[in-house]
Amino acid sequence: MSPHRSDRRHHGWRWRHTRPWAPDRRPSVVIAFHSGYGHTAVLAEAVARGVASTSAEAVSFPVDAITDEQWARLGAADAIIFGSPTYMGTTSAAFHTFAEAGPRRRAVQSWAGKVVAEFTNSDDKSFTLGSFATLAAQHGMHWVDLGPLPSRGSTTGSENDLNRLGYFAGVGGRSPNDAGPEAVHKSDIATAEHPGTLVAREAQIFAAGHVARAA
């Protein structure tokens, strides 16, 4: 079997790895997002900082102008973190276009086995977070939830703590409609760093497992 690709077939689906596993290889985490007015881009930058705080490689790009090279980076990544603003209760049209370009990749399960997480910004975010989860499930990816408990779950909590809005599936931020990216709440920025760190560490665990299996 080629060291550059391993396929695991189970119940009709394929788990494919397109990069060689080596003890000294840095896991790659791609942040694929769309930002309409800059607020979600601020969260994407925070996610990337979280990834960079580990030994993993962080690659971030907007999906509304995705290139063939960036599609290839997604295919080669160990983890993908999706991000989009919530417009009218769901992801943006640009992110929908990106997601709908994926059936060919889903058919061959080229993203299967990758670690995945999500982030969004604006009102009424639950459906957006759920649509990310469905997208990941259709591709056979390994979901990582947000982690921090809601800050307002106790009388000692504050809106300045992590997860101030109380989401579990992923980062849910809220920014003023009449203000620019500089108004993104500091708690939302700090919360967005968390999945970056967590996903990178999970990708490292997966990488270590593959190295151990190959030994």
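Note: the structure precedes this text.
Attention in this report is confined to the structure presented alongside it. (Residues numbered from 1 in each chain as written. Predicted model: local features only at pLDDT ≥ 70, side-chain atom pairs only at ≥ 80, totals over all residues. Heavy atoms only, no water.)

### Quick word on the packing of helix α1 (residues 39–52) against helix α6 (residues 186–214)
Consideration 1: Look at α1 against α6: their axes get within 6 Å of each other, and the N-to-C directions meet at 40 degrees. Relative to α6, the element α1 is oriented oblique. The interaxial crossing formed by α1 with α6 has right-handed handedness. Residues Val-42, Leu-43, Ala-46, Val-47, Arg-49, Gly-50 and Val-51 of α1 pack against Asp-188, Ile-189, Ala-192, Glu-193, Gly-196, Thr-197 and Ala-200 of α6.
Consideration 2: For the contact of α1 with α6, the class distribution of residues is 8 nonpolar, 3 polar and 3 charged. (Axes fitted to C-alpha atoms, helices over the stretch in contact; angles between N-to-C directions. Helix = DSSP H or I, 4+ residues; strand = E, 2+ residues; numbered from the N terminus. Parallel < 35°, antiparallel > 145°, perpendicular 65-115°, else oblique. Left-handed = near helix turned anticlockwise from the far one by under 90°. Contact = heavy atoms within 4.5 Å. Nonpolar A, V, L, I, M, F, W, Y, C, P; charged D, E, K, R; others polar.)

### A look at helix α3 (residues 93–100)
Consideration 1: Of the residues making up α3, those classed as buried are Ala-94, Phe-95 and Phe-98. In a view along the axis of α3, the buried residues occupy a sector of 95 degrees, so they form one face of it. Away from its buried face by more than 90 degrees, α3 exposes Ala-93, Thr-97 and Glu-100.
Consideration 2: Packing partners of the buried residues in α3 comprise β3 (28–33), α2 (68–76), β5 (79–87), β6 (90–91) and α5 (126–138). (Buried < 20%, exposed > 50% of the residue type's maximum accessible area, 1.4 Å probe, protein only. Arc of directions from axis to C-beta.)

### Comments concerning the nonpolar core
Consideration 1: Core analysis: the largest hydrophobic core is formed by 24 residues, its most contacted members being Val-29, Ile-31, Ile-81, Phe-119 and Val-199.
Consideration 2: Looking at this core element by element, the count peaks at 7 residues for α1.
Consideration 3: Among all residues touching Val-29, those that are not within four sequence positions of it are Val-51, Ala-56, Glu-57, Ala-58, Val-59, Ala-79, Ile-81, Val-199 and Ala-200.
Consideration 4: Residues Phe-61, Phe-98, Leu-135 and Met-141 belong to the second largest nonpolar core, which totals 18 residues. (Core = buried A, V, L, I, M, F, W, Y, C linked by side-chain atoms within 4.5 Å.)

### Quick word on the environment of Phe-33
Consideration 1: For Phe-33, the location among the structural elements is in strand β3.
Consideration 2: For the pair formed by Phe-33 and Phe-95, sequence separation is 62 residues and the distance between their alpha carbons is 7.2 Å.
Consideration 3: When sequence neighbours within four positions are dropped, the list of residues in contact with Phe-33 reads Ala-41, Ala-44, Ser-60, Phe-61, Pro-62, Val-63, Gly-83 and Phe-119.

### Examining unusual backbone geometry
Consideration 1: A positive phi angle is found at Met-88, which is not glycine, with a value near 55 degrees.
Consideration 2: The phi dihedral of Asn-163 is positive, around 55 degrees, even though this residue is not glycine.
Consideration 3: With respect to the element layout, Asn-163 can be found in the loop between β8 (142–143) and β9 (171–173).

### Describing the packing of aromatic side chains
Consideration 1: Evaluation of the coordinates by the stated rule reveals 9 aromatic pairs.
Consideration 2: Pairing Trp-71 with Trp-111 gives two aromatic rings, centres 6.4 Å apart and planes at 25 degrees, and the pair type is stacked. One end of the pair, Trp-71, is in helix α2; the other, Trp-111, is in the loop between α4 (103–107) and β7 (115–121), and 40 residues separate them in sequence.
Consideration 3: Trp-71 sits in the buried class, given a relative accessible area of 14%.
Consideration 4: By relative accessible area, Trp-111 is classed as buried at 2%.
Consideration 5: Ring plane angle 90 degrees and centroid distance 5.1 Å describe the contact between Phe-95 and Phe-132, whose orientation is recorded as edge-to-face. Residue Phe-95 is found in helix α3, and its partner Phe-132 is found in helix α5; the two are separated by 37 residues along the sequence.
Consideration 6: For Phe-95, a relative accessible area of 2% translates into the label buried.
Consideration 7: Phe-132 gets classed as buried once you look at its relative accessible area, which sits at 0%.
Consideration 8: Ring-pair connections join several aromatic residues into one group, and the members of that group are Trp-71, Phe-82, Phe-95, Phe-98, Trp-111 and Phe-132. (Phe/Tyr/Trp six-rings, centres within 6.5 Å; stacked < 30°, edge-to-face > 60°.)

### Side note on the environment of Ala-169
Consideration 1: Along the polypeptide, Ala-169 turns up in the loop between β8 and β9.
Consideration 2: When the C-alpha atoms of Ala-169 and Trp-143 are compared, they prove to be 9.1 Å apart, with 26 residues separating the residues in sequence.

### What to know about the side chain of Thr-40
Consideration 1: Mapped onto the elements, Thr-40 comes out in helix α1.
Consideration 2: Those residues within four positions of Thr-40 in sequence are excluded, and the remaining contacts are His-34, Ser-35, Gly-83, Ser-84, Pro-85, Phe-119 and Asn-121.

### Details of α1
Consideration 1: Over its 14 residues, α1 runs 20 Å from end to end, which matches the ideal 20 Å to within 8%, given 1.5 Å per residue.
Consideration 2: In terms of burial, α1 is a largely internal element, 10 of the 14 residues being buried.
Consideration 3: The complete set of buried residues in α1 reads His-39, Thr-40, Val-42, Leu-43, Ala-44, Ala-46, Val-47, Ala-48, Gly-50 and Val-51.
Consideration 4: Against the buried residues of α1 lie β3, β4 (57–62), β5, β7 and α6. (Expected span 1.5 Å × (residues − 1).)

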